[in-house]
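# Remarks on the overall topology
Here are the chains, one letter per residue:
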Amino acid sequence: MRDKKNIILLGSTGSIGESCLRLLRKNREKFNLIGVSANNNVKLLSEIVNEFDVPNVVLSNPENAKDYFGKHELTLGSLNLIELSKINCDIVISGISGMSGLHSAFAAISVGNNLAIANKEALVSAGKIFLDQSIKNNVKILPVDSEHSAIFQCLDNHNISNLDFITLTASGGPFLFTPIEDLKNIKPKDAIKHPIWKMGKKISVDSATMFNKALEIIEASILFDIKSEKIEVTIHPEHIIHGLVHYKDGSVIANLGFPDMITPLSVALNWPSRSDLNLKKFSLNSISKLSFYKPDYKKFPALKLGWDALQNPLCSPIVLNAANEIAVDAFLKNKIKFTDIFDIVYETLNSYNPFVPKNIDEVIEIDKIARSHSSQIINRLR
Ligand code: MG
């Protein structure tokens with residue numbers, strides 16, 4: 001048996017990429033990094049290629065290609081990104097943010113590669129199509145999102161019929177205790193300062209609006225085939241408990257640990273085994289307090305849309321995700337207010353009720369139309 005797993009890391013220069021490379025440095029005897037991609041950051045991409053001797057390299061956005069100094073040949077553009085994820089390997093890790101990660105993640109499972117996925121936007125928009133494809137090709141989709149990794153670990157697959165409900169925890173983001181009347185004045189630089197996680201700008205804003213948790217409700221329903229009414233969200237600012245599974249016999253199994261993406265990545269890459277990462281020891285004796293709050297839906301109305309997207313046929317997950325991506329981008333460019341993000345998503349959901357997609361092309365079509373609706377709403381607002 002081959003003793004090293006061949007892995008491909010999509011989005012190697014982002015926050016998931018950074019955690020994954022930390023994991024690989026601790027496990028050089030276990031993994032071969034055979035492919036990496038980045039969107040823009042060609043300097044860091046070059047350093048990664050040279051450090052890990054990665055033979056297959058893609059830069060999605062060709063603009064900065066001239067600054068590449070990696071020792072292996074660089075290929076460019078989104079089509080090459082798809083080709084990269086089709087290379088035969090043990091596992092493809094998708095750390096790409098947003099719908100731009102959809103095609104490459106789907107390509108991986110379509111050719112029979114296992115997929116460790118942090119790219120929740122792709123799962124939210126095309127979840128059922130992903131799951132069907134993974135069953136057809138007998139490949140695994142392993143969650144990397146910390147809450148979903150927690151549920152994955154707490155679930156006993158043999159006893160899924162004994163499951164009562166699950167709890168996803170939410171840090172509450174940087175504005176958990178900000179008065180509701182101050183939310184409209186929030187600037188992008190404040191919204192991207194997450195109290196617990198160091199992440200990309202898009203997901204940081206999603207945490208601040210709590211759209212991130214709305215997406216995670218949908219993601220959990222897809223990954224674990226759990227109905228929306230069986231998903232509870234609790235605010236837990238310390239983010240030590242990542243998720244809980246409640247069984248019908250009253251037993252509740254929780255997953256705890258320091259908030260560090262290296263652990264969910266290690267679970268996904270080593271599953272069903274585990275690896276010694278030699279991390280700082282976790283002890284409840286050194287944790288003074290854990291706190292929990294009910295979500296405030298008036299202050300964070302976005303959260304409710306997670307359940308709506310699963311229950312209400314007029315609330316499409318694809319439209320929700322697309323509108324949110326467009327609105328967050330406009331907010332980061334100072335074109336709209338923080339509180340406009342929810343209003344734009346809500347209005348887009350009410351203005352466009354798509355059909356149920358049967359394949360990835362139809363998902364993309366719906367996504368495009370939703371984006372154009374949202375952009376029109378933004379132009380009208382300005
Ligand atoms: Mg998460």
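Residues numbered from 1 in each chain as written. Predicted model: local features only at pLDDT ≥ 70, side-chain atom pairs only at ≥ 80, totals over all residues. Heavy atoms only, no water.

## Thoughts on the pairing of strand 2 (residues 31-38)
Applied cut-off: Think of it in three bands: with a 1.4 Å probe and only protein chains considered, a residue is buried below 20% of the maximum accessible area for its type, exposed above 50%, and partly exposed in between. By the criteria applied, helices consist of DSSP H or I runs no shorter than four residues and strands consist of E runs no shorter than two, each listed in order from the N terminus. Being paired, for any two strands, means DSSP has found at least two bridges between them. Looking down the strands as they point away from the viewer, one classifies a crossover as right-handed if the path from the first strand across the helix to the second runs clockwise.
Counting buried residues in strand 2 gives 7 out of 8 residues, a clear majority hidden from the surface. As paired strands, strand 1 (residues 5-10) and strand 2 are joined by 5 bridges and run parallel to one another. Note that in strand 2 the partner of Lys5 across the bridge is Phe31. With helix 1 (residues 15-26) bridging strand 1 and the parallel strand 2, this β-α-β connection has right-handed handedness. Bridge count between strand 2 and strand 3 (residues 56-59): 4 bridges; the pairing is parallel. Bridge assignment links Ser37 to a residue of strand 3, and that residue is Val58. The handedness of the strand 2 to strand 3 crossover, carried by helix 2 (residues 42-52), is right-handed.

## Section: the sheet that holds strand 7 (residues 141-143)
Which entries qualify depends on this criterion: Under this scheme, a helix contributes an axis fitted over its contacting stretch, all axes are lines through C-alpha atoms, and angles between N-to-C directions fall in the 0 to 180 degree range. Whether two residues are in contact is decided by their heavy atoms: any pair within 4.5 Å suffices.
Spatially, the 7 strands line up as an open sheet ordered 4-3-2-1-5-6-7, and their pairing is parallel. The two strands at the open ends of the sheet, each matched to only one other strand, are strand 4 (74-76) and strand 7. The sheet shows a mean angle of 25° between the axes of neighbouring strands, direction not considered. In the sheet, strand 3 pairs with strand 4 via 3 bridges, with the strands oriented parallel. Counterpart to Val57 in the pairing with strand 4 is Leu74. Lying over the sheet, helix 1 contacts strand 1, strand 2 and strand 5 (91-94), oriented at roughly 160° with respect to strand 1. Where helix 2 meets the sheet, it contacts strand 2, strand 3 and strand 4, and its direction lies at approximately 165° from that of strand 2.

## Concerning the domain arrangement of the protein
The line we're drawing: As annotated, the domain borders come from an automatic or database domain assignment. Buried area is understood as the total, over both parts, of accessible area removed when two parts are fitted together, assessed with a 1.4 Å probe.
Here the domain parsing of the protein yields domain 1 (5-143), domain 2 (145-311) and domain 3 (312-382). The gap between the C-alpha centroids of domain 2 and domain 3 is 24 Å. Counting residues at the interface gives 24 residues for domain 2, matched by 20 residues for domain 3. Summed over both sides, the interface of domain 2 with domain 3 buries roughly 1900 Å², with 79% coming from carbon and sulfur. Of all residues in domain 2, the largest losses of buried area upon contact with domain 3 belong to Pro188, Phe211 and Leu305, amounting jointly to 27% of the total for that side.

## Things to note about the coordination of the magnesium ion
Basically, it comes down to this: Here a donor is an N, O or S atom found within 2.8 Å of the metal, or within 3.2 Å if the metal is Na, K or Ca; sites may look incomplete because water is not among the atoms.
The coordination sphere of the magnesium ion contains the protein donors Asp145 (OD), Glu147 (OE) and Glu216 (OE), at a distance range of 2.1 to 2.2 Å. Mapped onto the sequence, the residues coordinating the magnesium ion show the spacing D-x1-E-x68-E. Of this pair, Asp145 sits in the loop between strand 7 and helix 6 (146-154) while Glu216 sits in helix 9 (residues 211-224), and the two are 71 residues apart along the sequence. Overall, Asp145 belongs to the buried group, its relative accessible area being 7%.

## Considering the packing of aromatic side chains
In plain terms, the rule: Note on aromatic contacts: the rings of Phe and Tyr and the six-membered ring of Trp form a pair at centre separations within 6.5 Å, being stacked when their planes are under 30 degrees apart, edge-to-face when over 60 apart, and tilted otherwise. Placement of a charge over a ring requires the Lys NZ or Arg CZ to be within 6 Å of the ring centre, with the centre-to-atom vector within 35 degrees of the ring normal.
Across all of its chains, the model carries 8 aromatic pairs by this definition. Consider the rings of Phe152 and Trp271, whose centres lie 5.4 Å apart with planes at 55°: the pair is tilted. Residue Phe152 is found in helix 6, and its partner Trp271 is found in the loop between helix 10 (262-270) and helix 11 (302-311); the two are separated by 119 residues along the sequence. Centroid distance Phe177 to Tyr293: 5.6 Å. Interplanar angle 75°. Geometry classified as edge-to-face. With a gap of 116 residues between them, Phe177 in the loop between strand 8 (163-170) and helix 7 (188-191) and Tyr293 in the loop between helix 10 and helix 11 connect regions that are remote in the sequence. The exposed category is assigned to Phe177, whose relative accessible area is 63%. Note on Tyr293: relative accessible area 35%, which makes it partly exposed. Among the aromatic side chains, those forming a connected cluster through ring pairs are Phe175, Phe331 and Phe338. Here the guanidinium or amino end of Lys280 rests over the ring plane of Phe258, the centre of that ring lying 4.6 Å away.

## Re the pairing of strand 5
Residues Ile91 and Ile93 point to one face of strand 5 and Val92 and Ser94 to the other, with burial holding for every one of them. Pairing geometry for strand 1 and strand 5, over 4 bridges, is parallel. Bridge pairing in strand 5 links Leu10 to Ser94. For the crossover from strand 5 across helix 4 (residues 102-110) to strand 6 (residues 114-117), the handedness is right-handed.

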